[in-house]
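Structural description and commentary
The lines below spell out each chain.
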Amino acid sequence: MKHRSPSEQHHGKRPRVPAAAASASPQDGMEDKAPSNPRELTQNPLKKIWMPCKNGLPEKHISQRKVCMTNCPTLIVTVGLPARGKTYISKKLTRYLNWIGVPTREFNVGQYRREFVKIYKSFEFFRPDNEEGLKIRRQCASAALNDVRQYLTEEGGQVAVFDATNTTRERRETIIQFAEQNGFKVFFVESVCEDPDVIQENIVQVKLGSPDYTNCNTEEAVEDFMKRIKCYENSYETLDEVLDRDLSYIKIMDVGQRYLVNRVLDHIQSRIVYYLMNIHITPRSIYLCRHGESELNVKGRIGGDSGLTPRGKEFAKKLSQFIQAQSISDLKVWTSQMKRTIQTAEALSVPYEQWKVLNEIDAGVCEEMMYEEIQDHYPLEFALRDQDKYRYRYPKGESYEDLVQRLEPVIMELERQENVLVICHQAVMRCLLAYFLDKTAEELPYLKCPLHTVLKLTPVAYGCKVESISLNVDAVNTHRERPENVNIHRTTEDALQTVPAHL
Amino acid sequence: MMRGCSSRAKQNQDRAVCMTNCPTLIVTVGLPARGKTYISKKLTRYLNWIGVPTREFNVGQYRREFVKIYKSFEFFRPDNEEGLKIRRQCASAALNDVRQYLTEEGGQVAVFDATNTTRERRETIIQFAEQNGFKVFFVESVCEDPDVIQENIVQVKLGSPDYTNCNTEEAVEDFMKRIKCYENSYETLDEVLDRDLSYIKIMDVGQRYLVNRVLDHIQSRIVYYLMNIHITPRSIYLCRHGESELNVKGRIGGDSGLTPRGKEFAKKLSQFIQAQSISDLKVWTSQMKRTIQTAEALSVPYEQWKVLNEIDAGVCEEMMYEEIQDHYPLEFALRDQDKYRYRYPKGESYEDLVQRLEPVIMELERQENVLVICHQAVMRCLLAYFLDKTAEELPYLKCPLHTVLKLTPVAYGCKVESISLNVDAVNTHRERPENVNIHRTTEDALQTVPAHL
């Protein structure tokens, strides 16, 4: 798994090359028989990445690119009748790709339509014989594609999700040509479903609350929407095994019971297919919490592998009571391989699984130090961390960016599972929470995850409901806000301004 | 994904991996020469490498052991009563061994490799699995491309024990007739009739896949793996960084730069790579200085992977073996007792390394020609995957400095060429000493430490 941060891309236009040639990246000096003198290396102070340099300054080189998931941008195109989960899939996929570091944005044509046609009257707008409606819809699709082009070619986007019905081969052909002109790869995601219960539930969950139906009652809205679906049905041309055999696509049938996958071309498409095949819509809740308060916590020290304080043990007991009171069916419990999370889980008296990848962020040379000591021994490092907490890697340690990469299998398994309680650590919990709540890399390292508090996440509509439940056991605060002064020449006082109180 | 279980877990108590609650029976489906055995062996190798005890059961093998001498395709004629009886017995014998492996020998996945082309045969297997509490997952390979089938026959059938006494023409002709014997009764997995089964149908060597009812984590991983492998000819080059400053001092880990000899190796590597004239070569390194320095000499683009970093020796980082024995004699002995599972304090084990390298293996499967410049323990793990080495063998695989291993998939396995680039380097390979007892003398402990400055 490789990540790309937008800052590491080449500035200006990326060369537009067809897919086949794109993989043959320009290779410097391949014509020379005698190898040139290798360049000097310097280590980037923030991310601790070794890079070639000239006269002490980093040199731009393709080796700087940490992510080469795909050589050219990818356009994901949804296909399917209304109420088949296209927007659900689009939003979820976008959230996942951004979390793993692939700049992605979704473009919902319905949104463009709502901005254009201020007030939605009825399904009549979507009638196939409504010339005015067709014209507007075509314009909206074009406007969206235009924004797609801008995002992928000028704004550093790597994947765009074009969310619309795209139910005719003609419309899809237009999109394919658009992509070819711009050097984008196309991957179709079709959702096919005829189960009336699923469609009904879909309408209740996300359509009734749509801006289109703010002034209708439930019955009117459902009736209108069913007629809307009918407008598309006659002209619907599903992706065909023979006619569309040269396209790259996944056809999701009956909410994931069956999949047809055709011509997966590259790494990112392979990851997208894997992700789509692991998500489900069965209602469930995910509980996230940290271990109980630990000995090193109260001393204001980071990292390490200490045990729980008496208050931490109290929390573990309360957690057990809380879990039992929730009466969760078939709850899985996961911990890290550090003593404090395992001690916490032990109090629950239920089976649990230990995951090494859930271990707290490795603070390298700063392990078990207090912030005061880090400032004392490594003032430059301390400042760099405050400048870019997401990308900053501790010397001989990890960054939040590294943490996200190592947590990806956890997220994938959480998607597969149903009810799960994850007992983990502050930085780890921030990463997991950022995935579920769609937080940016800038927000992630400052998410509030206090000790002795359980977050209950329940998927609802297109997002996630969060309930924060404090179990009312006092604990030290371990949250250090970003100080005002992040300059590497700042005073010790400025550096330690936001350090929380400890023994 | 390997996870330790709580000591109080009521189910799966001693199982290190909780991927699935009950054993899984993978069943291949397809006409002869569709790659079923290739898939079976590869999948088995992958699952074992990631820590899921897996074994394949090839019914053709059972048949060869029973019917000592293969005469001709006539054995497979659908009207050959004697042949049918023997084949049914062989399938039963294989299923019996499957049951023993999964219920008594700690197996977690069994791959039942046979044509299984009729619904009737598959129903028998499903019932067998139900009786024993196994989950069933079908893997069907469908292909009608005559070139692919021909290449398949050339690669793996001509060398089969069945055809040792035939020339190529005779063998091909007989095998084609063998395929014909199955064609009339072939019932492919059907979207409607088999909608309640869990399966993946691989079409045209991976151009298209149909996936139905994936039930659990292990099936999901199997599907992901099968969708990433390909059969396009290519080579994978593995080597370590050039000799490093810490290498010559006999110190492990760290992030030091290359010695002059190490730089010499990097130059030689560049010449070697150019001489190989590899089309479209991808070069990968770790994020440690010594592999990057080595790659820099190639003057080609390369990608840095943090997960290719050397094993983390925790508190023993940058120590000499003599110092480890001095400071941590118990740890040193434990490591010699079980080098695969031993985890350095605040560090990693080989077992951990395999888990973190899994995405590299997956991407190597997707790619074509790749050169991976990595480290001793990392290279051992990758090599063990390609050469199907056990957990016991893995930590002792020989991966000397300044030597390139060229791996080329052939038939059901991997050809290895070891190319030394003739630049001297210190030896960093420490064999397992005779005495691994925790009370051993320092002399015994340091017996196999290679020479250094």
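Residues numbered from 1 in each chain as written. Chains lettered and ligands numbered in written order. Predicted model: local features only at pLDDT ≥ 70, side-chain atom pairs only at ≥ 80, totals over all residues. Heavy atoms only, no water.

Of regular secondary structure, chain A possesses 16 helices and 15 strands. Taking all 503 residues of chain A together, 58% fall into the buried category. Considering only contacts in chain A between residues 6 or more positions apart, those separated by 24 or more positions represent 70%. Carbon and sulfur atoms provide 50% of the accessible area of chain A, an area that totals close to 21800 Å². (Helix = DSSP H or I, 4+ residues; strand = E, 2+ residues; numbered from the N terminus. Buried < 20%, exposed > 50% of the residue type's maximum accessible area, 1.4 Å probe, protein only. Contact = heavy atoms within 4.5 Å. Areas by Shrake-Rupley, 256 points an atom, 1.4 Å probe, with all protein chains shown as cover.)

A few words on the environment of A:Ala144. Residue and element names in this part refer to chain A. You can see Ala-144 is positioned in helix α4 (residues 131-153). Residues Ala-144 and Tyr-462, 318 residues apart in the sequence, show an inter-C-alpha distance of 21 Å. Ala-144 has contacts with Phe-107, Val-109, Tyr-112 and Phe-162, leaving out every residue within four places of it along the chain.

Our focus in this paragraph is helix α8 (residues 267-276) of chain A. α8(A) sits mainly inside the fold: ten of its ten residues count as buried. With a side-chain oxygen positioned 3.4 Å from the backbone nitrogen of A:Ile268, the residue opening α8(A) is A:Asp266. (Polar contact = N/O pair within 3.5 Å; in protein donor to acceptor, adjacent residues only side chain to side chain.)

What follows is about the pattern of salt bridges. Two side chains with opposite charge may pair up if their charged atoms get near one another. Residue and element names in this part refer to chain A. Inspection of every chain in the model, using the stated rule, returns 61 salt bridges over all chains. Among the ionic pairs, Lys-230 bridges to Glu-233, the shortest N-O distance being 3.0 Å. Residue Lys-230 and its partner Glu-233 are located together in helix α7 (residues 218-233), separated by three residues, close to a single helical turn. Note on Lys-230: relative accessible area 54%, which makes it exposed. Linking Arg-490 and Asp-386 is a salt bridge whose minimum nitrogen-to-oxygen distance equals 2.8 Å. Note that Arg-490 is positioned in the loop between β15 (463-470) and α16 (492-495) and Asp-386 in helix α13 (residues 379-387), a separation of 104 residues in sequence. As far as the burial class goes, Arg-490 and Asp-386 line up, both buried. The network of salt bridges with shared partners includes Arg-113, Arg-114, Asp-212 and Arg-228. (Salt bridge = Lys/Arg side-chain N within 4 Å of Asp/Glu carboxyl O.)

Okay, the domain arrangement of chain B next. All names here are of chain B. Per the domain assignment, the segments making up chain B are domain 1 (24-227) and domain 2 (236-447). For domain 1 and domain 2, the distance between their C-alpha centres works out to 36 Å. Tallying the contact residues gives 15 residues for domain 1 and 16 residues for domain 2. Together, the buried faces of domain 1 and domain 2 total about 1500 Å²; carbon and sulfur atoms form 64% of this surface. Here domain 1 and domain 2 share two salt bridges between them. Between Glu-358 and Arg-221 there is a salt bridge, with its nearest N and O atoms 3.5 Å apart. The interface formed by domain 1 and domain 2 contains seven residue pairs in polar contact (both at pLDDT 80 or more). Here the residues of the side of domain 1 that touches domain 2 are counted per class, giving eight nonpolar, two polar and five charged. (Domains from an automatic or database assignment. Buried area = accessible area lost by both parts, 1.4 Å probe. Nonpolar A, V, L, I, M, F, W, Y, C, P; charged D, E, K, R; others polar.)

For the structure shown, the criterion picks out 29 aromatic pairs over all chains. Seen from their ring centres, B:Trp49 and B:Tyr385 are 5.4 Å apart, and the 65° between their planes marks the pair as edge-to-face. Pair noted here: B:Trp49 is in helix α1 (residues 36-49) and B:Tyr385 is in helix α14 (residues 376-387), with a separation of 336 residues, a long-range link. A relative accessible area of 0% means that B:Tyr385 is categorised as buried. Every member of this aromatic cluster is reached through a ring pair, and the members are A:Tyr120, A:Phe125, A:Phe126, A:Tyr213, A:Phe225 and A:Tyr232. Here the guanidinium or amino end of A:Arg95 rests over the ring plane of A:Tyr435, the centre of that ring lying 4.7 Å away. (Phe/Tyr/Trp six-rings, centres within 6.5 Å; stacked < 30°, edge-to-face > 60°. Lys NZ or Arg CZ within 6 Å of the ring centre and 35° of its normal.)

Right, let's talk about a nonpolar patch on the surface for a bit. A surface patch of nonpolar side chains, amounting to about 230 Å² of accessible area, comprises B:Leu330, B:Leu334 and B:Ile438. As for its placement among the helices and strands, B:Leu334 is situated in helix α12 (residues 329-337). (Patch = residues over 30% accessible without salt bridge, like charges linked within 9 Å, V, L, I, M, F, W, Y side chains within 5 Å.)

Residue and element names in this part refer to chain B. Residues at a pLDDT of 70 or more form 96% of chain B, whose mean pLDDT is 94. In the predicted structure, residues 1-18 sits below a pLDDT of 50 and forms 42 contacts with residues beyond four places in sequence or in another chain. The ipTM assigned to the predicted complex is 0.92, against a pTM of 0.91. (pLDDT = per-residue confidence, 0-100.)

In this section: the UniProt feature "binding site: substrate" (unreviewed entry) in chain A. Residue and element names in this part refer to chain A. Under the UniProt annotation, "binding site: substrate" (unreviewed entry) lies at Arg-290, His-291, Gly-292, Glu-293, Ser-294, Glu-295, Leu-296, Asn-297 and Arg-340. Spanning 51 residues, the annotated positions come together in the fold, the maximum distance between their C-alpha atoms being 14.1 Å. Tracing the sequence through the fold places His-291 in the loop between β10 (286-290) and α9 (295-298). Taking the relative accessible area as the measure of exposure, His-291 reaches 2% and is therefore buried. (UniProt positions renumbered as here; feature names shortened; annotations may be inferred.)

With that settled, the discussion passes to the UniProt feature "active site" (unreviewed entry) in chain A. Residue and element names in this part refer to chain A. In the numbering adopted here, UniProt assigns the feature "active site" (unreviewed entry) to His-291 and Glu-360. Spatially, the listed residues are clustered: although they cover 70 residues, their C-alpha atoms lie within 10.7 Å of one another. Beyond its immediate sequence surroundings of up to four residues, His-291 is in contact with Asn-297, Phe-315, Arg-340, Thr-341, Thr-344, Ile-423, Cys-424, His-425 and Leu-451. A distance of 3.3 Å separates the side chain of His-291 from the side chain of Arg-340, its partner in a polar contact. Following the sequence through the fold, Glu-360 ends up in the loop between β12 (353-354) and α12 (371-377). Look at Glu-360 and you get buried, because its relative accessible area is 13%. A distance of 3.4 Å separates the side chain of Glu-360 from the backbone nitrogen of Gln-426, its partner in a polar contact.

Let's shift gears to the side chain of A:Glu190. Residues and elements named next belong to chain A. With respect to the secondary-structure elements, Glu-190 resides in strand β7 (residues 185-192). For the buried Glu-190, which has no salt bridge, the nearest side chain bearing the opposite charge is Lys-251, at an N-O separation of 4.0 Å. Here Leu-239 takes part through its backbone nitrogen, which lies 3.0 Å from a polar atom of the side chain of Glu-190. (Lys, Arg positive; Asp, Glu negative; His and termini not counted.)

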